[in-house]
Amino acid sequence: MLGFKSIKAALLISMLGFVGLTATTQASAACNLISTKDGTPLAVKAVDTDSPEAKSFIETCINPYTKAYATDPSLIKAGGKKLFGYNGCSGCHGGKLEGVMAPALNKQGGQGAYDTKWVYAKNSTDKGMFESIAAGTPGISGGLMPVWHMQQPDHVGDGLSTDEILKIIAYIRTEYKGDGEKDWMK
């Protein structure tokens, strides 16, 4: 017959095994990217050329550039702002994120219904905005966001890397003027 200490030890080992299994499951499921367009899983994998920041995002869905840009504004100009302009984002969203053919991204108002709120509520998080940029959107606001991530079929031009998209998102966050909560900073 097992003694009290043996039972206690067996229970402890079982619990630790369960906790370890749960932690492993949570870690592997920590960042499940979902297409804004159709709700299917979004296949974005880390590649050898990815920066450590991009690899970290793919594992955690936390954009390291967002807090870095908020802390050190000197990073913005050479990083996300340059990429935003260079890749033609300003053609639709405006040079000051004020919205032209597409909704404003600074959310300080404008002519469109989506110039003060996100077209897709999930864009209030960096994960959600990454999903919208990477795989495009279905066009709820009247126009489609094309597919931008280079790992996705039918991407625009040469496409953008995970790192480039993350820097653009961080730039967009620094220009936010809306009165909603800054979910991406949590």
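One can find the structure itself at the top, above this paragraph.
Residues numbered from 1 in each chain as written. Predicted model: local features only at pLDDT ≥ 70, side-chain atom pairs only at ≥ 80, totals over all residues. Heavy atoms only, no water.

**Q** Give a description of unusual backbone geometry that names residues and reports values.
**A** Most peptide bonds take the trans form, and the phi angle of most residues other than glycine is negative. Even without being a glycine, L97 presents a positive backbone phi close to 65 degrees. Relative to the elements of secondary structure, L97 occurs in the loop between α5 (89-93) and α6 (126-135). Located in the positive-phi region is D154, a residue other than glycine, with phi close to 65 degrees. Here D154 falls in the exposed class, since its relative accessible area comes to 72%. (Helix = DSSP H or I, 4+ residues; strand = E, 2+ residues; numbered from the N terminus. Buried < 20%, exposed > 50% of the residue type's maximum accessible area, 1.4 Å probe, protein only.)

**Q** A description of the packing of helix α4 (residues 74-86) against helix α7 (residues 162-174) should follow, citing residues and the corresponding values.
**A** Between α4 and α7, the least distance of the axes is 8 Å, while the angle of their chain directions is 100 degrees. As judged from the angle between their axes, α4 and α7 are roughly perpendicular. Across the interface between the two elements, I76, G79, G80, K81, L83 and F84 from α4 touch E164, K167, I168, Y171, I172 and T174 from α7. Looking at the contact of α4 with α7 residue by residue, the class counts come to 6 nonpolar, 3 polar and 3 charged. (Axes fitted to C-alpha atoms, helices over the stretch in contact; angles between N-to-C directions. Parallel < 35°, antiparallel > 145°, perpendicular 65-115°, else oblique. Contact = heavy atoms within 4.5 Å. Nonpolar A, V, L, I, M, F, W, Y, C, P; charged D, E, K, R; others polar.)

**Q** Tell me about the side chain of D163, and please be specific about residues and values.
**A** Its location among the elements puts D163 in helix α7. A polar atom in the side chain of D163 sits 2.5 Å from the side chain of S51. Apart from residues no more than four positions distant in its own chain, D163 is found in contact with S51, E53, A54 and Y65. (Polar contact = N/O pair within 3.5 Å; in protein donor to acceptor, adjacent residues only side chain to side chain.)

**Q** Could you give me a rundown of the packing of aromatic side chains, with the residues and numbers involved?
**A** Applying the stated criterion to the full structure yields 5 aromatic pairs. Taking 6.1 Å as the distance between ring centres and 15 degrees as the angle between the ring planes, the aromatic pair formed by W118 and Y176 counts as stacked. In this pair, W118 sits in the loop between α5 and α6 while Y176 sits in the segment after α7, placing the two residues 58 residues apart along the sequence. Each member of the pair, W118 as well as Y176, carries the same accessibility label: buried. (Phe/Tyr/Trp six-rings, centres within 6.5 Å; stacked < 30°, edge-to-face > 60°.)

**Q** Lay out the nonpolar core with the relevant residues and their values.
**A** In terms of nonpolar packing, the biggest core is built from 33 residues, with L33, F84, F130, I165, I168 and I172 touching the most fellow members. Residue assignment for this core shows that the elements contributing at least two residues are α2 (52-60), α3 (64-71), α4, α6 and α7. Among all residues touching F84, those that are not within four sequence positions of it are C89, S90, H93, G94, L97, L105, I168, Y171 and I172. (Core = buried A, V, L, I, M, F, W, Y, C linked by side-chain atoms within 4.5 Å.)

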